[in-house]
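# Structural characterization, general
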Amino acid sequence: LLQNGLSEDQITNHFDLMPLPPYCLTELYSWRNGIMDSWFGSKQIQEIELFPGGIFLSLEHAIKVYDIFTKQQHLWEMKYFPIFSDGGGDYLLVDMDPTSKGYEGIFLFSPSILLSGEVESIYDSLFAMLRTIYTCYERRAFYYESQNRFIEVNYDLRQQIASTENPNSAYWRR
């Protein structure tokens with residue numbers, strides 16, 4: 001499902017015309033380089049998501065999305081870099097601005113959920129996001145339904161876990 005990770009030099013070279021990536025992005029993309037881009041059109045969403053709304057973008061694909069949303073359509077600030085998508089236009093973004101209060105935090109861009117084109121903090125950090133996802137699987141807020149082949153969600157339990165793991169993120173205080 002996931003591509004092999006990239007070297008630090010490969011990651012840095014991809015960011016040649018952008019702000020240098022924060023450490024969390026370098027770590028993430030050196031571990032794995034998202035899914036193969038060809039799977040976006042050939043696989044069903046539930047076959048490629050790691051968690052609900054979580055399709056891990058390859059660095060190459062993420063840079064294309066970044067260019068479209070920041071430089072062409074101006075839908076979010078240049079400090080936000082996409083790492084996950086839901087496959088339908090929503091994105092989880094990392095704040096890359098080291099002077100920002102939300103630096104390395106994860107933000108949601110979802111006009112349909114947030115009812116605006118603004119982003120909102122959803123995870124306090126990449127580590128907090130991964131810890132939240134792990135705990136959701138461990139406590140069965142997320143579980144794989146083998147008969148239907150997709151991830152089921154216990155929304156109340158997910159809310160409880162996520163709000164505990166991410167006390168500084170506005171999304172879970174709704």
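Further up the page is the structure itself.
Residues numbered from 1 in each chain as written. Predicted model: local features only at pLDDT ≥ 70, side-chain atom pairs only at ≥ 80, totals over all residues. Heavy atoms only, no water.

The next point concerns helix H8 (residues 155-165). Those residues of H8 that sit buried are Leu-157, Arg-158, Ile-161 and Ala-162. All buried residues of H8 project into a common sector of 125° when viewed along the axis, lining one side. Opposite its buried face, H8 presents the exposed residues Tyr-155, Asp-156 and Thr-164, each directed more than 90 degrees away. Between a side-chain oxygen at the N-terminus of H8 and the backbone nitrogen of Asp-156 the separation is 3.3 Å; the capping residue is Asn-154. (Buried < 20%, exposed > 50% of the residue type's maximum accessible area, 1.4 Å probe, protein only. Helix = DSSP H or I, 4+ residues; strand = E, 2+ residues; numbered from the N terminus. Arc of directions from axis to C-beta. Polar contact = N/O pair within 3.5 Å; in protein donor to acceptor, adjacent residues only side chain to side chain.)

Going through the model one piece at a time under the given rule, you end up with 14 aromatic pairs. Ring plane angle 45° and centroid distance 5.1 Å describe the contact between Phe-15 and Phe-81, whose orientation is recorded as tilted. Here Phe-81 lies in strand S4 (residues 80-85) and Phe-15 lies in the loop between helix H1 (8-14) and helix H2 (23-31), a separation of 66 residues in the sequence. Each member of the pair Phe-15 and Phe-81 is classed as buried. Summarising the aromatic geometry, the rings of Phe-69 and Trp-76 are spaced 4.5 Å apart at their centres and angled 15° between planes, so their arrangement reads as stacked. Given the relative accessible area of 12%, Phe-69 is considered buried. Among the residues examined, Trp-76 registers a relative accessible area of 6% and is labelled buried. One aromatic cluster in this structure is built from Tyr-29, Phe-51, Phe-56 and Phe-84. For Arg-32, the ring lying beneath its charged end belongs to Trp-31, and the centroid distance is 5.3 Å. (Phe/Tyr/Trp six-rings, centres within 6.5 Å; stacked < 30°, edge-to-face > 60°. Lys NZ or Arg CZ within 6 Å of the ring centre and 35° of its normal.)

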